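# Overview (structure and organization)
In case you want the letters, here they are:
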Amino acid sequence: GAGVSQSPSNKVTEKGKDVELRCDPISGHTALYWYRQSLGQGLEFLIYFQGNSAPDKSGLPSDRFSAERTGGSVSTLTIQRTQQEDSAVYLCASSRDGGAGGYNEQFFGPGTRLTVL
Amino acid sequence: AQSVAQPEDQVNVAEGNPLTVKCTYSVSGNPYLFWYVQYPNRGLQFLLKYITGDNLVKGSYGFEAEFNKSQTSFHLKKPSALVSDSALYFCAVRDIWGGADGLTFGKGTHLIIQP
């Protein structure tokens, strides 16, 4: 079946601009995660959605970062007033159910490579 | 807080030899442990996980890992390496009893299998 899809695959933007990154999780997966992968910081957890519950935003690096998940499916990660240190690959993942300690494996999308000039 | 250490940036193994990629973890409670692999220009792929039960878990592509609670380790192993196993490997942990809901990943280990 279809995996997690992300768009765009690449995004180049100028410092100070806003960007939106999209994630389509696997159908039926109720849990959705955003991560950031960069050379300096490795893989960092950003935010987690489980069904209609309030998201866990504990990993968001600043208030310039926000995310939505509409209808329990598609998610958008928004970065406002981008900075050069925001340059990274942004990965989305989904799993069947993130609850009860999160024992289900996460399936990752191919990522969006963001470059801030 | 939860953390993962992968002490080796790179592991080199000759094809046909056994391989080990090391991982140690730190959690407040009990861990869920995962291994993922990343091939160039591709997303992360799940290999295997430890949740509970038998300490030796088997996963995709002939990989296995052993959970050792006393040593807080979860090393990835394969009896006979293939050139196609060359990739970037990540160990990840989730603390059952708290912490962030996302996985905490190690820095990754580049595995290079030489023909």
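First, a word on what this report is: a plain description of the structure on this page. The structure presented is a predicted model; accordingly, all values stated were derived computationally and were not measured.

Time to look at the interface of chain A and chain B. Opposite the 22 residues of chain A that make contact, chain B presents 18 residues. A buried area of about 1600 Å², summed over both sides, lies between chain A and chain B, and 55% of it is on carbon and sulfur atoms. Scanning the region where chain A abuts chain B turns up one salt bridge. Of the charged contacts, one joins Lys49 of chain B and Glu105 of chain A as a salt bridge, the two residues approaching to 2.7 Å between their closest N and O atoms. The set of elements that each furnish at least two residues to the side of chain A that touches chain B consists of β4 (31-38) and β5 (42-50) of chain A.

So, on to unusual backbone geometry. Cis rather than trans, the peptide bond between Ser7 of chain A and Pro8 of chain A has omega equal to -10 degrees. Inspection of the secondary structure assignment puts Pro8 of chain A in the loop between β1 (5-7) and β2 (10-13). Phi at Arg81 of chain A is positive, roughly 50 degrees, even though this residue is not glycine. Topologically, Arg81 of chain A is positioned in the loop between β7 (75-79) and β8 (88-95). Backbone geometry at Thr72 of chain B places phi at a positive 45 degrees, although glycine is not the residue there. Its location among the elements puts Thr72 of chain B in the loop between β8 (64-68) and β9 (73-78).

Bringing the state of the cysteines into the picture now. Tallied over the entire structure, the rule returns two disulfides over all chains. Between the sulfur of Cys23 of chain A and that of Cys92 of chain A lies a disulfide, 1.8 Å long from S to S. Judged by the sign of its S-S torsion, about -65 degrees, the bond between Cys23 of chain A and Cys92 of chain A is left-handed. Here Cys23 of chain A, found in strand β3 (residues 19-24), pairs with Cys92 of chain A, found in strand β8; they are 69 residues apart in sequence, far enough to count as distant. Paired by a disulfide, Cys23 of chain B and Cys91 of chain B hold their sulfur atoms 2.0 Å apart.

The rules behind the values
- Residues numbered from 1 in each chain as written.
- Chains lettered and ligands numbered in written order.
- Predicted model: local features only at pLDDT ≥ 70, side-chain atom pairs only at ≥ 80, totals over all residues.
- Heavy atoms only, no water.
- Contact = heavy atoms within 4.5 Å.
- Buried area = accessible area lost by both parts, 1.4 Å probe.
- Salt bridge = Lys/Arg side-chain N within 4 Å of Asp/Glu carboxyl O.
- Helix = DSSP H or I, 4+ residues; strand = E, 2+ residues; numbered from the N terminus.
- Disulfide = S-S within 2.5 Å.

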